[in-house]
Amino acid sequence: MPLGTLDRTPPPFFKQGPSALSKLMFFSALALFLMVADMRFRVTQPIRAALATVLYPVQWLALQPVRAVQNGGGYFTALSQAKTSEEEARRKLALQSLRAGQVEQLALENTRLRKLLDLREQKAISGLAAEVLYDAPDPYTRKIIIDKGLAHGVALGSPVVDESGVLGQITRVHPLVSEVTLVIDRELAIPVLNTRTGARSVAYGEPSASGGGLELRFMGSNSDVQQGDLLTTSGVDGVYPPGLPVARIDKIERRAESAFARIYCTPQAQVGAAVHVMVIEPVSGQIPQRPVDAATPGPVKKGAGK
């Protein structure tokens, strides 16, 4: 057969579809569209919730060997720490027994003053105990995952604390797990109160400051702040109950060319080693409604007397 009569086109089995460049452009445009849609309309939230629910048993099984090794290696260390903690607890118990009478007297005076001034009684803080499962895989954020979710009554925006202070806030809730954004994340800000001066300010997360800390921004160079000042939640944001320890001022930089001081703080909570945490109901959900007095006249509608 002459060579010029041969069909040089590939057989149908080897025919290719669109080119690699066309596929790259199509999937890049699709990925960009999905990212924008997720940021604006949260279209992938149900998918994430379903995947988190399905993968939860797998994550739990994968963490069991790690927990077994950690528990076995830390047994002897925990034993010596337990003895030290027992001695410290006995000392604190003796000190608290001396203060118990004072606390009862102050509580009685507080109740009488609130009744005298007709102030609303503060509701007791309710919380839900949870355990940290793992750190979030995103390297550009500081978040953790806990083992409580919608099924356990966790609400979006709830504060999270450990035994030392404020740890963060619930920023995403799934049926069985929840995502906690730590106080050192750059997207989290907490209104705080300087317990020494009573001045209020806002603490912003600063993950780049010596491994993770907070920063007081927009504070004047002549502000009355000192190294070692304790910052607690002010309670003006309607999220965090007042008086919870947040951070302690660690470093102050005052520059002549700037009107603001650079104030770095160290978080009180164990942001890098928390295991057991407490999820607190937001303050806005704890405020009881005043009962409507039937004798109190309501707003008069226009034209009601006609």
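This one's a predicted model, so the numbers in the text were calculated from it and none came from an experiment. (Residues numbered from 1 in each chain as written. Predicted model: local features only at pLDDT ≥ 70, side-chain atom pairs only at ≥ 80, totals over all residues. Heavy atoms only, no water.)

Colleague: How would you sum up the environment of Asn194? Please name residues and give values.
Modeller: Assignment of secondary structure puts Asn194 in strand β6 (residues 189–194). For Asn194, a relative accessible area of 4% corresponds to the buried category. Between the C-alpha atom of Asn194 and that of Leu230, which follows or precedes it by 36 residues, the distance is 6.0 Å. When sequence neighbours within four positions are dropped, the list of residues in contact with Asn194 reads Ala199, Asp224, Val225, Asp229, Leu230, Leu231 and Ile249. A distance of 3.2 Å separates the side chain of Asn194 from the side chain of Asp229, its partner in a polar contact. (Helix = DSSP H or I, 4+ residues; strand = E, 2+ residues; numbered from the N terminus. Buried < 20%, exposed > 50% of the residue type's maximum accessible area, 1.4 Å probe, protein only. Contact = heavy atoms within 4.5 Å. Polar contact = N/O pair within 3.5 Å; in protein donor to acceptor, adjacent residues only side chain to side chain.)

Colleague: If you had to explain the packing of aromatic side chains to someone new, which residues and values would you point to?
Modeller: For the structure on display, the rule yields three aromatic pairs. Ring geometry for Tyr204 against Phe218: centres 6.5 Å apart, planes inclined by 80°, an arrangement best described as edge-to-face. Placement of the pair is Tyr204 in strand β7 (residues 200–206) and Phe218 in strand β8 (residues 213–220), with a sequence separation of 14 residues. A ring pair is formed by Phe218 and Phe260, whose centres lie 6.1 Å apart and whose planes are at 90°; its orientation type is edge-to-face. Of this pair, Phe218 sits in strand β8 while Phe260 sits in strand β11 (residues 260–267), placing them 42 residues apart in sequence. Given a relative accessible area of 60%, Phe218 falls into the exposed group. Each residue in the set Tyr204, Phe218 and Phe260 is aromatic and connected to the rest through ring pairs, giving one cluster. (Phe/Tyr/Trp six-rings, centres within 6.5 Å; stacked < 30°, edge-to-face > 60°.)

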